[in-house]
Amino acid sequence: MANYRIGIDVGGTHTDAVILDANYQVVTETKSPTTEDVSTGIYQAMRKVISHVNIPLEDIRYAMLGTTHCTNAIVERKRLNSVAVIRIGAPATLAVKPLIGVPDDLKDHLGKFVYLVRGGNEFDGREITSLDEDEIYKIAHEVKGLVDSVAITSVFSPVSPKHEERAAEIIKEVLGEEIAVSLSSEIGSVGLLERENATILNAAVVNVAKATADGFVNALNEEGIHAKVFFGQNDGTLMSIDYAVKYPIFTVACGPTNSLRGASYLTGYSDALVIDVGGTTTDIGILVNSFPRESSLSVEIGGARTNFRMPDLVSIGLGGGTIVRIQDNGEIKIGPDSVGYQLPEKGMVFGGDTLTTTDVIVALGKAEIGDPTLVKDLDKELLKKIYAQMVEQVEVAIDKIKTSAEPMPVILVGGGSILLPDQLEGASTVLRPENFGVANAIGAAIAQVSGQIEKVFSLDEMGREKTLQLAKDMAFEEAVKAGADPDQLNIVDIEDVPLAYLPGNATRIRIKAAGNLAEVLDGAGV
Amino acid sequence: MRYIGKQEIEDIAVGAALLGTGGGGDPYIGKLMALQAIEEFGPIKLLDVDEVPDDALVVPSGMMGAPTVMIEKAPSGEEAIGAFKSLEEYLGKEVYATMPIEAGGLNSLLPFALAARLGLPVVDVDGMGRAFPELQMVTFYLDGVSATPLVIADEKGNTSLLKTINNVWAERIARTSTIEMGGSVMMAIYPMNGRNLKESGIHHILALEEQIGKAIRLAKQEGKAPIKEILQLTNGHELFKGKVIDVNRKTETGFARGTATLEGLDSNLGQELELKFQNEHLIAKTKERVLCVTPDLIAVLDAETGLPVTTEGLRYGARCVVIGMPCDPKWRTEKGIKTCGPGYFGYDVDYRPVEELVLEGVKTIG
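Residues numbered from 1 in each chain as written. Chains lettered and ligands numbered in written order. Predicted model: local features only at pLDDT ≥ 70, side-chain atom pairs only at ≥ 80, totals over all residues. Heavy atoms only, no water.

Quick look at the nonpolar core
No. 1: Counting 75 residues, the largest nonpolar core has L18(B), F112(B), V123(B), F140(B), Y190(B), L197(B) and I323(B) as its most contacted members.
No. 2: The leading source of residues in this core is helix α1 (residues 6–19) of chain B, at 6 residues.
No. 3: Both domain 1 (2–203) and domain 2 (225–365) of chain B contribute no fewer than three residues apiece to this core.
No. 4: Those residues in contact with L197(B), other than ones at most four positions away along the chain, are V49(B), V58(B), M99(B), V123(B), V125(B), F140(B), M192(B) and H203(B).
No. 5: Core analysis: the next-biggest nonpolar cluster, separate from the first, contains 62 residues, I225(A), V245(A), F250(A) and I301(A) among them. (Core = buried A, V, L, I, M, F, W, Y, C linked by side-chain atoms within 4.5 Å. Buried < 20%, exposed > 50% of the residue type's maximum accessible area, 1.4 Å probe, protein only. Helix = DSSP H or I, 4+ residues; strand = E, 2+ residues; numbered from the N terminus. Domains from an automatic or database assignment. Contact = heavy atoms within 4.5 Å.)

Comments concerning the interface of chain B and chain A
No. 1: Listed by partner, the interface residues are 34 residues for chain B and 39 residues for chain A.
No. 2: Between chain B and chain A, a total of about 3000 Å² is buried, with carbon and sulfur atoms accounting for 55% of that surface.
No. 3: Looking only at chain B, the three residues that lose the most surface to chain A are Q36(B), E72(B) and Y316(B), adding up to 24% of its buried area.
No. 4: Connecting chain B to chain A are 7 salt bridges.
No. 5: The shortest N-O distance in the salt bridge between K97(A) and E40(B) comes to 2.8 Å.
No. 6: Remark: the boundary between chain B and chain A carries 21 residue pairs in polar contact (both at pLDDT 80 or more).
No. 7: Only α2 (28–41), α3 (67–70) and α7 (167–180) of chain B provide two or more residues apiece to the side of chain B that touches chain A.
No. 8: With 6 residues, α2(B) is the single largest residue contributor to the side of chain B that touches chain A.
No. 9: A class-by-class count of the residues in the side of chain B that touches chain A yields 13 nonpolar, 9 polar and 12 charged. (Buried area = accessible area lost by both parts, 1.4 Å probe. Salt bridge = Lys/Arg side-chain N within 4 Å of Asp/Glu carboxyl O. Polar contact = N/O pair within 3.5 Å; in protein donor to acceptor, adjacent residues only side chain to side chain. Nonpolar A, V, L, I, M, F, W, Y, C, P; charged D, E, K, R; others polar.)

Examining the domain arrangement of chain A
When the parts of a complex come together, some accessible area is lost, and that lost area is often used as the size of the interface.
Residues and elements named next belong to chain A.
No. 1: Domain assignment breaks chain A into domain 1 (1–78 + 206–252), domain 2 (81–204), domain 3 (316–438) and domain 4 (448–517).
No. 2: The distance between the C-alpha centroids of domain 1 and domain 4 comes to 30 Å.
No. 3: On the domain 4 side, the residues contacting the 10 residues of domain 1 number 9 residues.
No. 4: If you sort the residues of domain 1 by the area they bury against domain 4, T237, L238 and Y243 come out on top, with a joint share of 52%.
No. 5: Linking domain 1 to domain 4 there are 1 salt bridge.
No. 6: Between D235 and K512 there is a salt bridge, with its nearest N and O atoms 3.8 Å apart.
No. 7: Run the count over domain 1 and domain 4 and you get 4 residue pairs in polar contact (both at pLDDT 80 or more).
No. 8: At the level of secondary structure, the elements contributing two or more residues to the side of domain 1 that touches domain 4 comprise β4 (60–66) and β10 (237–240).

Considering unusual backbone geometry
No. 1: Here the residue pair G335(A) and P336(A) is connected by a cis peptide bond, since its omega of 0° sits within 30 degrees of zero.
No. 2: Within the secondary structure, P336(A) sits in strand β18 (residues 332–338).
No. 3: Cis peptide bonds are those with omega within 30 degrees of zero, and the linkage from T148(B) to P149(B) qualifies with 5°.
No. 4: Unusually for a residue other than glycine, R77(A) sits at a positive phi of about 55°.
No. 5: Here R77(A) lies in the loop between α2 (69–76) and β5 (83–90).
No. 6: Exposure remark for R77(A): the relative accessible area of 12% places this residue in the buried category.
No. 7: Unlike most non-glycine residues, L99(A) shows phi in positive territory, near 70°.
No. 8: Looking at the secondary structure, you find L99(A) in the loop between β5 and α3 (104–110).
No. 9: For L99(A), a relative accessible area of 4% corresponds to the buried category.

This is how it looks when you write it as C-alpha cells:
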C-alpha cells in the first residue's frame, strides 16, 4: 500500500518542503520564502510541494512540521498566554523570586500572577515541608477567568514530582480539565531558576502551538490530505499534536536539529560534524549515534536562561547572502549581516550593487549562479583573500565544536553550502549528499519518536542495575506515549552523573528511547 | 563608605568569577540574590576596612555544601538572620558588619544579599583574595583567628552553633550537619573584631573585582579584548596564549582534579602549556619551565571576550589567554605556602613568585 510523507522545515530565509515515499526516498523537494507570520509560508510550501507530484493525496499519511512559531512568539513577546506562575518551595528560594534575571519586557507579559507556596523537597526526596494545599486552592480561585495557562515548579521536583502533581490536580479541580498546566518535572532538570523559566515559557506558548497545529491540519484538509501530523522537536525526534501542545517549548531550535538528522540520513553517517549553511548563518553541530550532541550549558531563549536539552551548536554569521566589505585600511569584513532573501535583487551577479559571498564564489568560478559577467572585473587577488577568510572562519568554528584534534567526517548541507570547498582543515572527508539543500525538511520527514526521562535516583535503594532498568522502562513508556511503535524501541542515549557531596549514591540519570512511528491504520486522521 | 547598586553588583560578579581562578562556584545565583535584595531593600552600604572600629564585631558570611543543591533549593534569605542572632547571643555582642570569606566565585556575592536584608554594611575585605576549597585556607587562620564559634543555618529555621577544638573538627562536624539540613546552608564563620580584620584581611578586594568587571564590560561595548586592563589592575602577567587541545579530568576525593593542555598561538606558536587544576587552577607550566604556582592566581580568559573560563568550561578548541597574578603577600609566608601552596595540593613543585618566574623567562629568551 502506497504511503507518502511530507516534511516541512521553516528556516530564517526559506521554508523547505519534501515528499518522501514509503522507503524514505525523496520524491520531490521545494523551497519557498519564509513569511513574517510563518504560517502563510508553511501553507505555500505545502501547496507547492504537492503540486510538483502526481500521487493520490490520500496516500500522504504523515506530515512532519519543524516550525519557529514558538521561538518567534517568545522572542517577539507576541501572542503569549496569560500565565499563572506557581513555585512550591517556600520558605526556601524566597531570596530569588520567579522571573528574576529575565528581561523586563518578558517579565511584564509573564509576571502578572506569581505565587510562592510552602512545600517542595530536599535533594534526597524528603519534604522541606508539606504542600500548602489551602494556598493552592486560594490561588486557583483567585486566577480563575484571568489566566489560561499555569506553570508549576516545585523544588527538587526532578527527584520527587509529587507536590507538582498534587498542585496540578487542585488547579484542574477548580479551573476545569481544559486549563493548560505545565509541570517543571516534565520539562527540565535540576537547576530551579532555569527549569522554572523553561516551564513558564512553555506555559506561555501553549495557545501558539495549538493555533499552529490547527491551522496546519486545516490547510492540509483543504487540500484533501488527511495525514497524521507531527511536530519536530529540538532533540531530533517527533511529537504528536497532543504532546506538542502540552510541551511546545521543545519545538524551539528544532531547525538545526532537523538539518543534522537529515545529514545523517542522507549520508548514512552516524558520527560526524554537520555544517548547515543558510542565507544568513552557518550552524555547526555534531552527530553522535545519529542524534545531535546536546549542550551542557544553560541556553537563553528570548533572554531567559533555561536548562532544558538543546543541540550543541556553534553559529557564525556566514551565509549565501552575507555582505562583504573592504574597509579603508584594506581589511576585509565578512558579515555578520546578510541581504537574506533579497539576494536575487541585491547580489551583484543578479545585477544588484551589494558584494555578497555568493558573488565572491561566482567570480572565482566556483559556482554558476546569476550572471558571472557582472562580477568578472573584480580584483581576483582580493577575491581569493576574501574566500580564504571565509573558509578560515568556518575552520575555526569547526575546531571550536570538536572535542578532540582527531579529524572527523564533515557533511555539508543547506542551500549556502556551495560556498565551501571540498577540503576543510579538521575534516577527514567532506561529503555533499544529494538533496543537500533541503536536508532540514528531510530530517523532519524521517524523524523517529522518542521519550526521555531525566531524574535523580538514589542508587543505594535498588542498586545500579535495577535503577537503570527502571529508568529505561520509564523512557520506553514516554516514547510510546509520544507515538512510537512499542515493538521497535531503542535506547539512543544514556548518561548517569554522580552528584558530588551527596550521600546515598545520588545519581542523575538521563535516558532517551526512540523508535519508528507506530503504523497509522487506514483512514485514521488526526 | 559608599553604596553598592545593581550595576556594581553586575561588575563585581564578573570580577569574582575571574578571581575565582576557575573554581569557587558560579556567581550567578549569588548575583541574582544580591540584585533582588537591592530591589527590595535599596542599595547596600560598603565600608572601607579603616572605617570599622577596632572593637566592632565583623562576621564573614557565605554558603556551605553542594552548589548543585543550592542552584535548586535557593536560600530563603532569612537564614543569616538566625545565624547572626545565635552568634550575638553566644558572644554577647552585636554584629557590626559582614563580609565575604572568599572573593572568588559564588561566596563573594552572598554577603551583599544577607547584608541588605539585615540592614548591615559589607566591608571591602576578604580572607583569600581569590577562591580556595577549604575552611582553613584564609589569611585569618594564618594569624591565629579561630573559625569558630561558627553557625550554620537552613531555610527551615534550624541553626547549629559549633565551638570546636580546631578547624579540622569544625569542617568535619559542619559538613555532616549540612547534609542533614538539606545539603546547602548559610554560614557565619571566623567572627572577629575590627582590629583582627585590619591586620589579617585582604583589603579593597571588592573594589578590585568591580574594576575588573567594569573593564571587561566597557571593553565589550567597544569590541576590544580587555586583557591589558586586567593585567594592569591585578599587576598580572600574560603567561600564554593558546587553544585547549586536551583536558584530562578525574574526580578524586570530592575535587574536580585534572590537567589541561594548551597549544600555543601567535607569540607562543610551537609551545605547549600544561594547566593543573583541583577545583581552581593551581599550576601553569610549559615543558621547559614553571610559569605560575598557587597561591599566586592563575586565570584562564576567553581570548575574544576576556571573560573568565571555569575549569568545567575548559574544552577542546577553546582559545584562551592564561594570566598569572601575584597573590596577597600574606600567602607568601612560610605558613601561607604550607597552607595552600603546591605541596599541600600534592604537587612536587616549589613555590616561587610569579613575577620572578616571568622575569626569568624573559632573561632566558633574551
